[in-house]
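Chain by chain, the residues:
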Amino acid sequence: MAFTEEVYKSRRIVLVRFVRARTGQPSYTYPDLDDRGWLHDPVGTRGETPALVHGPVFGMSQDREVVIKLERLRLDESASGGPDLFVKSEDDTIASIIEPANGELPADGTFRIKGGTGSWRDKFCKITVHVGTVDGPLIGECGVRVFQRRTVRVHPWLLNLRGSTTPGGAMTAGVCATTQARITTLFRTVNRIWRPCGIYFLVDAADTSGSVNMFGNPGEITENSGAAARNHPNGTVFSAGADDSNPVHRNNRQANRCNIWWVRRIRDLTPGAGTTMAWAMDNTADTGGVSQSGIVMTDAADANDLAHELGHYLSLDHSDEPAAGAGGRSRSDIQVLRRLMYRFNPHGRTGYRSNVGYGSGMRGALITMRDKPKHFRDDEWFEARRRAIQGPY
Ligand SMILES: [Zn+2]
């Protein structure tokens, strides 16, 4: 069967494309691909290797295996008389094709890649698609970044936040519902999300030794995000923008760790302010002799939330901020919604934007591997890894 294409002036005709081999929950073996555009990245200005490839880029760890899928867009399947297609790596010491061994793609288009090993921290290479033989005409390419694994050690706290519910009422204990088992489960997914970036979170046993007297209800951090002072039901006045979290993150700390404090909830006294599931102070927040970096998690926050906050901790900003200093403005294009650092979870979009590949209504988990000149918040692998490498973990 022939494909016809009506072209006005000029058009890029794409014969094949690379896609995630399985959609749904994050999986290390089936990574998402950063497919934002086809042009080469600009020269790296901070020391990162630019992706010089006309195709998508995915990340993986050294000495690990992942599976990627090639889809035929304007080529018949082999069984219908289309050409046989072959894949190969431009540098087997960085990434090699291990299945199929001869490079000839099976009917489902999947192929398995193994990352190389070495003392290097990150390298980039291309994987190319050829017609007829592995040396036949080139019709498509993608890029892979292979990362040396960096460990970030995490110290989880299950704090007793003592508080009172009525004016002059007794202070009573407030421990969150999150357990050691829940934390283990959350980090299993977190590590699936972050391993394509070569970052592994190693988690200490949950620490129950901390106790803090709060100004709000037992187990809760209280904030007032509004512009007017508000009274808590127990009589405490919270000025505009105030919260009572300082004693939590300044006093309960394990050195050389990313500290994470679990609480029952974060209560915002401002009506209509919405629910805060978690927040993060990045790992440069420890200045002026005050150590306060870390993450506050609530019982209701999920693994995607935790992975997102770890992104903030490692310096990443929201994907829907179009430019520096424009924090309040949101973008809603698919390239932004698919990303781990999109502001909202669930992302709440409808129609074709309700599923970005991770299940209906779910925020995606893509950490960007490319640097597009018109996307302000991308090239995320580089900055997150730089922070992880510089940190004392
Ligand atoms: Zn965020």
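Further up the page is the structure itself.
Residues numbered from 1 in each chain as written. Predicted model: local features only at pLDDT ≥ 70, side-chain atom pairs only at ≥ 80, totals over all residues. Heavy atoms only, no water.

A.B. asks: Tell me about helix α3 (residues 303-313), and name the residues and values.
C.D. replies: For α3, the buried fraction is high: 11 of the 11 residues fall into the buried class. A303, N304, D305, L306, A307, H308, E309, L310, G311, H312 and Y313 are the residues of α3 that are buried. For α3, the secondary structure elements touched by its buried residues are α1 (180-194), β11 (199-203), β16 (258-263), β18 (278-281), β19 (294-298) and α5 (380-390). Sitting at the head of α3, D302 places a side-chain oxygen 3.1 Å from the backbone nitrogen of N304. Directly after α3, the chain includes S315, whose backbone phi takes a positive value near 90 degrees. (Buried < 20%, exposed > 50% of the residue type's maximum accessible area, 1.4 Å probe, protein only. Helix = DSSP H or I, 4+ residues; strand = E, 2+ residues; numbered from the N terminus. Contact = heavy atoms within 4.5 Å. Polar contact = N/O pair within 3.5 Å; in protein donor to acceptor, adjacent residues only side chain to side chain.)

A.B. asks: Describe empty space enclosed by the protein, naming the residues involved and giving the relevant values.
C.D. replies: Within the structure shown, the criterion is met by 2 cavities of 30 Å³ or more. Of the voids in this model, the largest cavity is the one considered here, and its volume is about 140 Å³. For the largest cavity, the lining is made up of 16 residues, of which D32, I193, P196, Y358 and A365 are closest to its centre. Of all the secondary-structure elements, those providing two or more residues to the lining of the largest cavity are β2 (57-61) and α1. By residue class, the composition of the lining of the largest cavity is 11 nonpolar, 2 polar and 3 charged. Looking at the lining of the largest cavity, you find at least three residues from each of domain 1 (18-147) and domain 2 (150-316). Roughly 40 Å³ of internal volume is contained in the second largest cavity. S319, E321, P322, R331, V336, R339, H375, F376 and R377 together form the lining of the second largest cavity. Taken together, the residues that form the lining of the second largest cavity break down as 3 nonpolar, 2 polar and 4 charged. (1 Å grid on protein atoms, 1.4 Å probe; cavity = no way out; pocket = protein on both sides within 12 Å on 5 of 7 lines; lining within 4 Å. Points joined across faces, edges and corners; volume = space filled by probe spheres on them. Nonpolar A, V, L, I, M, F, W, Y, C, P; charged D, E, K, R; others polar. Domains from an automatic or database assignment.)

A.B. asks: Summarise the sheet that holds strand β9 (residues 150-158); cite the residues concerned and give the values.
C.D. replies: Strand order in this open sheet of 5 strands is β11-β9-β16-β19-β18, and the pairing throughout is mixed. Each end of this open sheet is capped by a strand with a single partner; those strands are β11 and β18. Between one strand axis and the next, the sheet turns through 25 degrees on average, direction left out of account. α1 contacts β9, β11 and β16 of the sheet and is inclined by roughly 170 degrees relative to β11. (Pairing = 2+ DSSP bridges. Axes fitted to C-alpha atoms, helices over the stretch in contact; angles between N-to-C directions.)

A.B. asks: Now, about the pattern of salt bridges: what can you tell me, with residues and values included?
C.D. replies: Opposite charge on two side chains lets them pair, provided their charged atoms get close. Applying the stated criterion across every chain yields a total of 31 salt bridges. Residues R267 and E220 are paired through a salt bridge, measuring 2.8 Å at the closest nitrogen-oxygen approach. With a gap of 47 residues between them, R267 in strand β17 (residues 265-268) and E220 in strand β13 (residues 220-223) connect regions that are remote in the sequence. For E220, a relative accessible area of 6% translates into the label buried. Ionic pairing is found between R343 and D320, a salt bridge with its closest N-O pair at 3.1 Å. Of the two residues, R343 is situated in the loop between α4 (334-337) and α5 and D320 in the loop between α3 and α4; the sequence distance between them amounts to 23 residues. (Salt bridge = Lys/Arg side-chain N within 4 Å of Asp/Glu carboxyl O.)

A.B. asks: Hey, could you go over the environment of G198 for me, with residue numbers and the actual values?
C.D. replies: For G198, the location among the structural elements is in the loop between α1 and β11. With a relative accessible area of 0%, G198 lands in the buried category. Counting along the chain gives 59 residues from G198 to R257, while the straight-line C-alpha distance between them is 18 Å. Beyond its immediate chain neighbours, meaning those up to four positions away, G198 contacts S61, F147, Q148, R149, R150 and R385.

A.B. asks: Give me the lowdown on the side chain of Q62, citing residues and values where you can.
C.D. replies: If you trace the backbone, Q62 turns up in the loop between β2 and β3 (65-72). Residue Q62 is classed as buried on the basis of its relative accessible area of 14%. Side-chain polar atoms of Q62 contact the backbone oxygen of G118, separated by 3.3 Å. Apart from residues lying up to four places away in sequence, Q62 is in contact with G115, G116, T117, G118, W120, V146, F147 and Q148.

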